[in-house]
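Each chain, written out:
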Amino acid sequence: MPEPVKKTVSAFAKKPKTQVAEEGATVVFETETEKPDAKVRWQCNTKDLVSDDKYVIKADGNKHSLTIQAVTKEDGTAYAVIAGGSKVKFDLKVKEKEVMEEVKLELKEKVKEEVKEKKEEAQGGAGDPAASDPAATCTVAPAEAPSPAETPAAADTTPAAPQPGANIQAHDTPGFDESQAPDMKTDLTGLFTEKPQSGEVTVGENINFVAKVNAASLLKKPTIKWFKGKWMDLASKSGKNLQLKELYDRNSKVYTFEMQIIAAKPSFAGAYRCEVSSRDKFDSCNFDLTVHGGCPHTQSMDGSEEAGELDFSALLKKSASKSQVKNEPDEDVWEILQKAPASEYEKIAFQYGITDLRGMLKRLKKMKKEEKKSEVFLKKLDPAYQVEKGHKMKLCIDVANEDVDVKWLKNGQEIQSTGRYIFESVGNKRYLTINHCSLSDDATYTCVVGDEKCTTELFVKEPPVTITSHLEDQMVMKGERVELECEVSEEGATVKWEKDGVELTRDESFKYRFKKDGRKHVLIINEATKEDCGHYTVKTNGGESMSELMVSGKCSRQTTEQNEIHLCSTMLNMIGIWYKNGVEVKADARTNITHIGRIHKLTIDDVKPEDQGDYTFVPEGYAFNLSAKLNFLDPPKIHLDCMGHTADSTIMVVAGNKLRLDVPITGDPAPTVVWTKGEKVMTEGDGRLHVESTKGHCIFTIEGADKQDEGLYSVIVRNPAGEDKADINVKVPLRCHQPPVMYTVTMFDFFFPGYVLERKKKKSYRWMRLNFDPYTDTTYEAKRMIEGVEYEMRVYAVNAIGMSCHSAASQPFIPVAPTSEPIGLCVDDISDTTISLKWRTPEHLGSSELDGYGVEYCKEGSDEWVPAFEGLTERTSVIIRDLPTGEKMQFRVRAYNMAGPSAPTSLAQAVTIREIMQKPKIWIPRNLRQTLIKKVEETINLVIPFQGKPRPVITWSKDGEYLNPKQVSVRNSDTDTILFIRKSERKDSGKYEVKLQIENVEDTASISIQIVDLPGSPEKLKIMDVWGFNVALEWKPPKDNGNCEITGYMVQKADKKTMEWYTVYELYRRTNCVVADLIMGNEYIFRIYAVNMVGLSLEPCFSADSAYIQKTGFEYKPPTYKEHDFSEAPKFTHPLVSRSVIAGYNATLSCSVRGIPKPKVTWYKNKMDISNEAKYRMFSKQGVLTLEIRKPCSFDGGVYMCKAVNASGEDLLNTPGLPTNCKIHCQSCMLSG
């Protein structure tokens, strides 16, 4: 259960409540606010209402009203009124007129009974009058208003009284103020899809409260708690009168929680609360229960045999009503318990009617205490974070010390920095970044700094799996294989298959098979039946897809020359239409349509295969139809095709081999198959013989054929449409064991069709066949071998009898393939007679080394490729020279290895051999775009890149004049120009310009160079004034600043005795200063250096005069202080108070005293010293004196006194029974038993 939060003060002093009104009536809702200037808004279904003909909104000071004219059924909905941060909800229920009359009669009878009961209670004095709610009223229009005696009850009893024995569903709580909801979190997440609502019940009846929670977006199963009042947990009270139930719907993923109250009693009435939580989410709802027809009792709803606890709340209400104590504003009991000492708990429980004090104390112990401010963390981690799978998460903390080291833990284990976990430190912030979050990152993370740590929970949320390719409807024949296929958005996702709302699983019969291939999911039904018809659904957590499967049964076929189809209708002279496969049937020479009375007949003469189909008769004006199916029978047929021979051909099989005769057959219905040899029917007997029939085939097999199996075999197929027969002659010759010779043909007496070749890896023992059909040539090219692996080959000779023995294996060989083609061939540069090409190495080089590249070219439209140079080049770029100017040429490159050339790589299009003019453009480097500053005698080397074709003319100048070649050197290339000065001088400063020119096109750029030097020395340093320990100096700037700004001056001083120079100011910007803290009696001289960006001036400027610091003498007189006397005579600051105690319980008497030094304290009872009595204990702490009397009795009653004495004296306070001139300081009190 969450921590109770402090109640918010409601802005309403009077709240509207739910009303029941009759259609056409006028309803008025009234409310009052605490402040007269409060702004009030009225809402209907969360939409703001404005005053119009239907709704009339009035405001008079702090009184506000909403009037609804001519109420209709559409007005029966939820309303709300909002003022500031408070919101009150209420309903308007619209009833028909007859129902309203019954409600009014019941209300009148109920009001009379309550008035009568109140009069009896007032006379007898034992009643418990119901507390009226002054917070709100709900007023009906004058035409519908009840009598004054009925008004109080009608406001609280709007629904009709329930019938005996009925289970009543709860209704909304009238006038519920959201700002007053107890123990409700401020950040509700709205977990409820249906909240329990307030209800009313008669004594002895049952009532159900239902709450529903949608768990589709929850990470954990929701937990629900039911409470009565604020603290009583009803989970432990389940029994005879209370039952809690829980249901879960897998299809909608909705949890249904139900609380059923059985045989309601008057003590069950009150406020209830339902709370639901799931990890970091929480929601709660308040509702009320009203019990009619019974008097309140002192025993609570759990006071039966199952419980036994008493509810004192009714007694407290009675005592409160008798004493007529004024209603005090609601107080938060949690705050009172937190602040009160443990000894006051029972008193508070009795005062506020708490029946489960022990449970409250347990929850109070678990409540979070106020966290102390951390000395290490300025900002800690939040309690929880949530991130979607595959996204990035960044955790951040602020630490107090920027240099401190932190450690990050995951589930208690230290995290090491990897590609997925990145640690960052920026100032006092520390970051942990988790890239590509997966489900394994769903854990507890801790940041540790020294002995302190902070913890958070990271929840990784999987994105919903959606269906990208939906199921399609299918219609199949009975017995066919069905595959329903869909595609989802993520590999490895879990899906659920359903048929007509029932989940499909792998049962023992293996009727359904589920296949998963990446993102594809397939439902397989091996043999479809009529029972498999229906709607199939595949579901993920992000969607679903549905398709329909229809299975049609196979009907028998008929071969009659004439077929008549007739259907009888139920109406005379009915008109209808015949359809074939959905297309209307028209009468023709073979088709005759007749209608005689009730009989409609469709006659088809000379039936043909194309006549088969579904025939339907649809009567006009009716929604039913009659249908029949016409199928054409197919007589059986044997289809023999054995290597081009006819059915009378002889089949040869070598002795010892398997004889297998596979004969294709057709026919519908499926024909029966009989195998015979002569007149003997062949059946499975000794195990060598196998007869098998499948769809479209009949198979006859003899294992290990021998000479006696020779003969004529017959196969006969039959069905109702006819039969067919075929004969097969089988011969079994003996095998010849003569071994063949490698690469020579071995002939036998029979037909020789060719060879069979096999290969294997040298280190393997498994031979793999290269051809399954005999190969007639004696030269064979083997393919699909692995480069760099040694292989061996062998060959078999094959004839009509079988295969010979294999030849001897060939010598081992290694297959080598050419490389793949070079990639990225492009033109790097071109001129009038040359071209520069470049490319990249092939992606696949193979097992052999690359020997080099060959480049060829040809004219466009020609096939004569000419090598660009002799031999091969190992480089991936080449310059081809002496090409004809203006010709269009094509170029290609091949890669060569031991296996030969690769496939060529060519340019996408032919290239014209002509230099392309490129406009001149100077690219000034970034560091030269500002003034270049150099010191004297430093080297200047400026590299200025440019572009332009043909090669441009380059000209350098300085301040509009050409450069002196003795001082400045210029070197030019095709791509850049260089300005070089070996030793720069002050005169080299200035603006340099470079110009590129190609024919009439030019480009210019300028570069500023500043040569700087040390400054000259300052001038005219003077001592302007000397006073105390200070000297004022003044000077003038140097004449030569070194071609740059003077940044400051260095001021130094020296004592004339030692002449050691000390720096006073290292960089002083003004031309006058004051030198302070000089030593008296010494004589000083001064010097000053000028400073610029190069450094100090070579020579300083010395002061012409010296400054002498005069001595001044004085005598030091230390101050005198008078010692303070802190002694003080004893004096009591708090008196003893007379009190009465209960015999048998310890009692204490307290007072306070002050005095320096600490006074000696003596306690007296009736003027008798009790310091040495064992019954008494004396305490003294920080001047507070306490006397504890252990288990006092009536003998311990009397006058107790306390006396304090110290060295500073005694104080006296007059008390009864003592003389006024007594010098003992004491306090007394009366203790009575």
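Identification of the protein as Myosin binding protein C, cardiac from Oncorhynchus tshawytscha is taken from an unreviewed UniProt entry. The UniProt entry for the protein carries this comment under Sequence similarities (unreviewed entry): "Belongs to the immunoglobulin superfamily. MyBP family."

Draft legend 1. Up close: the overall build of the protein. A count of helical and extended segments in the protein gives 6 helices and 94 strands. Taking all 1233 residues of the protein together, the buried fraction comes to 37%. Taking as baseline every contact in the protein between residues at least 6 positions apart, the subset at least 24 positions apart corresponds to 63%. Element-wise, carbon and sulfur atoms account for 50% of the exposed surface of the protein, whose accessible area totals about 74,300 Å².

Draft legend 2. Representation of the sheet that holds strand S25 (residues 407–410) within the structure. Ordered by their spatial adjacency, 5 strands build an open sheet running S23-S30-S29-S25-S26, and the pairing between neighbours is mixed. The open sheet has two edge strands, strand S23 (384–388) and strand S26 (413–414), and neither has a second partner.

Draft legend 3. Quick look at the pattern of salt bridges. One pass over the full model with this rule turns up 36 salt bridges. The residue Arg-481 makes a salt bridge to Glu-483 at a minimum N-O spacing of 3.0 Å. Of the residues examined, Arg-481 reaches a relative accessible area of 44% and is grouped as partly exposed. Overall, the relative accessible area of 35% leaves Glu-483 in the partly exposed class. With a shortest N-O distance of 3.3 Å, Asp-709 and Arg-688 are connected by a salt bridge. Of this pair, Asp-709 sits in the loop between strand S53 (697–702) and strand S54 (711–719) while Arg-688 sits in the loop between strand S51 (680–681) and strand S52 (689–694); the two residues are 21 residues apart in sequence, bridging distant segments of the chain.

Draft legend 4. Representation of the nonpolar core. In this structure, Phe-209, Trp-226, Met-259, Ile-261, Tyr-272 and Leu-289 are the most contacted members of the largest nonpolar core, which totals 27 residues. Residue assignment for this core shows that the elements contributing at least two residues are strand S15 (206–214), strand S16 (223–228), strand S19 (254–261), strand S20 (270–278) and strand S21 (281–292). In this view, Ile-261 contacts Glu-205, Asn-206, Ile-207, Phe-209, Asn-241, Leu-242, Phe-268, Tyr-272 and Leu-289; residues no more than four positions away in its chain are not counted.

Draft legend 5. How the structure looks around the sheet that holds strand S49 (residues 659–668). Spatially, S47-S49-S53-S52 is the arrangement adopted by the 4 strands of the open sheet, whose pairing is antiparallel. Looking at the sheet topology across the chains shown, the edges are occupied by strand S47 (634–638) and S52. Each strand axis lies, on average, 15 degrees off the axis of its neighbour in the sheet, ignoring direction. Two elements, S49 and S53, share 6 bridges in a ladder whose sense is antiparallel. By the bridge assignment for S53, Arg-660 is matched with Thr-701.

Draft legend 6. How the structure looks around a positive patch on the surface. A grouping of Lys-1020, Lys-1022, Lys-1036 and Lys-1039 is seen on the molecular surface, where their side chains present a positively charged patch. Mapped onto the fold, Lys-1022 is located in strand S77 (residues 1019–1027). By relative accessible area, Lys-1022 is classed as partly exposed at 49%.

Draft legend 7. Main features of the side chain of Gln-19. With respect to the helices and strands, Gln-19 occurs in strand S2 (residues 19–22). You can call Gln-19 buried: its relative accessible area is 3%. Of note is the side chain of Gln-19, whose polar atom sits 3.0 Å from the backbone oxygen of Val-28.

Draft legend 8. Looking closely at the packing of aromatic side chains. In the structure shown here, the tally under the stated rule is 20 aromatic pairs. Ring plane angle 40 degrees and centroid distance 4.8 Å describe the contact between Tyr-1065 and Tyr-1068, whose orientation is recorded as tilted. Ring pairing ties together the aromatic residues Phe-29, Trp-42, Tyr-79 and Phe-90, which thus form one cluster. Between the NZ or CZ atom of Lys-760 and the centre of the ring of Trp-767, over which it lies, the distance is 5.4 Å.

Draft legend 9. Inspection of the environment of Ile-467 at higher detail. As for its placement among the helices and strands, Ile-467 is situated in strand S31 (residues 467–469). Residues Ile-467 and Asn-541 lie 74 residues apart in sequence; the distance between their C-alpha atoms is 9.8 Å. Once residues lying within four places of it in the same chain are set aside, the contact partners of Ile-467 are Glu-487, Val-488, Val-538, Thr-540, Gly-543, Glu-544 and Ser-545.

Draft legend 10. Structural context of unusual backbone geometry. Cis geometry is adopted by the peptide bond preceding Pro-950, which originates at Lys-949 and carries an omega value of -10 degrees. Note that Pro-950 resides in the loop between strand S70 (940–949) and strand S71 (953–958). Between Ile-1156 and the following residue, Pro-1157, the backbone shows a cis peptide bond with an omega angle of 0 degrees. Non-glycine residue His-436 carries a positive phi angle of around 50 degrees. Tracing the sequence through the fold places His-436 in the loop between strand S28 (429–434) and strand S29 (443–449). Residue class for His-436 comes out exposed when judged on its relative accessible area of 60%. Positive phi, normally seen in glycine, also occurs at Gln-1182, with a value near 55 degrees. With respect to the helices, strands and loops of the structure, Gln-1182 is situated in the loop between strand S90 (1176–1181) and strand S91 (1184–1189). We classify Gln-1182 as exposed; its relative accessible area is 79%.

Draft legend 11. Quick look at helix H5 (residues 345–352). Within H5 the residues assigned to the buried category are Tyr-345, Ile-348 and Ala-349. For H5, the arc enclosing every buried residue in end-on projection is 100 degrees, short of the 170-degree limit, so these residues lie on one face. Turned more than 90 degrees off the buried face of H5, the exposed positions are Glu-346, Lys-347, Phe-350 and Gln-351.

Draft legend 12. Structural context of the environment of Val-1184. Within the secondary structure, Val-1184 is located in strand S91. The partly exposed category is assigned to Val-1184, whose relative accessible area is 41%. The residues contacting Val-1184, other than those within four sequence positions of it, are Cys-1151, Ser-1152 and Phe-1179.

Draft legend 13. Structural detail: the side chain of Thr-676. As for its position among the elements, Thr-676 is in strand S50 (residues 672–677). The exposure class of Thr-676 is buried, given its relative accessible area of 10%. Those residues in contact with Thr-676 that lie beyond four places of it in its chain are Val-681, Met-682, Leu-712, Tyr-713 and Ser-714.

Draft legend 14. Just the pairing of strand S92 (residues 1198–1206), in detail. In terms of burial, S92 is largely enclosed, as 7 of its 9 residues are buried. The pairing of strand S88 (residues 1160–1165) with S92 spans 6 bridges and is classified as antiparallel. Among the inter-strand pairings, Lys-1160 is bridged to a residue of S92, identified as Val-1205. In this sheet, strand S93 (residues 1209–1210) lies alongside S92 in antiparallel orientation, the contact comprising 2 bridges.

Cut-offs and rules
- Residues numbered from 1 in each chain as written.
- Predicted model: local features only at pLDDT ≥ 70, side-chain atom pairs only at ≥ 80, totals over all residues.
- Heavy atoms only, no water.
- UniProt positions renumbered as here; feature names shortened; annotations may be inferred.
- Helix = DSSP H or I, 4+ residues; strand = E, 2+ residues; numbered from the N terminus.
- Buried < 20%, exposed > 50% of the residue type's maximum accessible area, 1.4 Å probe, protein only.
- Contact = heavy atoms within 4.5 Å.
- Areas by Shrake-Rupley, 256 points an atom, 1.4 Å probe, with all protein chains shown as cover.
- Pairing = 2+ DSSP bridges.
- Salt bridge = Lys/Arg side-chain N within 4 Å of Asp/Glu carboxyl O.
- Core = buried A, V, L, I, M, F, W, Y, C linked by side-chain atoms within 4.5 Å.
- Axes fitted to C-alpha atoms, helices over the stretch in contact; angles between N-to-C directions.
- Patch = residues over 30% accessible without salt bridge, like charges linked within 9 Å, V, L, I, M, F, W, Y side chains within 5 Å.
- Lys, Arg positive; Asp, Glu negative; His and termini not counted.
- Charge placed at Lys NZ, Arg CZ, Asp CG, Glu CD.
- Polar contact = N/O pair within 3.5 Å; in protein donor to acceptor, adjacent residues only side chain to side chain.
- Phe/Tyr/Trp six-rings, centres within 6.5 Å; stacked < 30°, edge-to-face > 60°.
- Lys NZ or Arg CZ within 6 Å of the ring centre and 35° of its normal.
- Arc of directions from axis to C-beta.

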